[in-house]
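# Close look at the chain arrangement
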Amino acid sequence: MKAGWLPKLLLSPSVLLVLVCVYGYIAYTVFLSFTTSQMLPSYHLNGWTNYHILLGLHNWWVSANNLAVFSVLYIVISLALGLGLAILIDQNIRGESAMRTIFLYPMALSFIVTGTAWKWMLDPGVGLQEIVRSMGWTSFTFDWITREHMSIYCIVIAAIWQSSGFVMAMFLAGLRGVDSEPINAARIDGAKTWQIYLYVIIPQLGPVLASAFVVLVTTAIKSYDLVVALTSGGPGNSSWLPSVFMYQYTFTRNEMGVGSASSVLMLLAVGVFVLPYLINEVKRVKNA
């Protein structure tokens, strides 16, 4: 009897905290999105008004468009670069451990540190542009961080640098777990190395690809600290993402109801990608 109750007793505080501090506050935010809350929470319901206001705001659509650009570039390039690095390291090259450490190092840093470092490097006055010009190439220009239509790409660059090593590690683990029998059969048939990877190995990495994709999607949707550290959402609001929009309207512009509505839409966006993945994983475990 004690053996049956002891694990439940030990886990109950954590379960209670998760229920209250995660799911409880999610439910509270959903409720606030249907109220007249402004600077402080209000309990007067106003239906879908906040959502209608939200969808009519130019700032929201700027944030949504930026998220689309950021997500596509960030996810596609991180997956491609991570897979390429994993295949490179999988060739049993010299210094494999050192290369793994170098590529994984950025993941050990917080997005605040990454944003601050890249803000310095991309600053036209002291960063890459100034360094290259000091070497004699005075016509060199790299001022994306100060240009409205290019600042979002600075965030893409920093995010890819931060995450591609993590994706590499996931793919490398998948490569080391691939069934060797089809590979040996392909080699006997005279297949070249690139053909083995393209037609035999990579198709077996579907679960790893799905896991990496979900991690990158959730990271893209909830990205906030990287944007704030790197561009502060500027110039103007040109590099706002929905998370920055939510913070600005909830805590700066005193539109808590609208900010809560944007949080709910972000949660739904995450759910669109995460829930099918979780359902598929549960089915796969049951069938295993």
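Cut-offs applied
- Counting from 1, residues in each chain are numbered in the order their sequence is written.
- Under the rules for a predicted model, residues below a pLDDT of 70 receive no local features and side-chain atom pairs below 80 are neither given nor counted, while totals for whole chains, interfaces and linings still include all residues.
- No hydrogens and no water enter the side-chain calculation; it runs on all heavy atoms of the structure.
- Patch definition: residues above 30% relative accessible area lacking any salt bridge, with like charges linked at up to 9 Å and the nonpolar side chains Val, Leu, Ile, Met, Phe, Trp and Tyr linked at up to 5 Å.
- Only the protein chains shown count as covering a residue, and every accessible area follows the Shrake-Rupley method with a 1.4 Å probe.
- Each reported salt bridge corresponds to a side-chain nitrogen of Lys or Arg within 4 Å of a carboxyl oxygen of Asp or Glu.
- Segments assigned H or I by DSSP are reported as helices when at least four residues long, segments assigned E as strands when at least two residues long, and all are numbered from the N terminus.
- Only protein chains enter the accessibility calculation, which uses a 1.4 Å probe; a residue is then buried when its area is under 20% of its type maximum, exposed when over 50%, and partly exposed in between.
- Here is the rule: rings of Phe, Tyr and Trp (six-membered ring for Trp) pair when centre to centre is within 6.5 Å. Planes less than 30 degrees apart are stacked, more than 60 are edge-to-face, and the remainder are tilted.

### Side note on a nonpolar patch on the surface
- Together, Leu11, Val15, Leu16, Val18, Leu19, Val20, Val22, Tyr23, Tyr25, Ile26 and Leu267 make up an exposed nonpolar region whose accessible area comes to about 1,000 Å².
- By the secondary structure assignment, Val18 is in helix α1 (residues 2-32).
- The class of Val18 is partly exposed, set by a relative accessible area of 38%.

### Considering the packing of aromatic side chains
- Going through the model one piece at a time under the given rule, you end up with 15 aromatic pairs.
- For the pair Phe34 and Trp48, a centre-to-centre distance of 5.0 Å together with 85 degrees between the ring planes defines the contact as edge-to-face. Of this pair, Phe34 sits in the loop between α1 and α2 (49-55) while Trp48 sits in the loop between α1 and α2; the two residues are 14 residues apart in sequence, bridging distant segments of the chain.
- Classification of Phe34 as partly exposed rests on a relative accessible area of 21%.
- The class of Trp48 is exposed, set by a relative accessible area of 56%.
- For the pair Trp118 and Trp161, a centre-to-centre distance of 6.1 Å together with 70 degrees between the ring planes defines the contact as edge-to-face. Residue Trp118 is found in helix α5 (residues 111-122), and its partner Trp161 is found in helix α7 (residues 151-176); the two are separated by 43 residues along the sequence.
- The exposure class of Trp118 is buried, given its relative accessible area of 14%.

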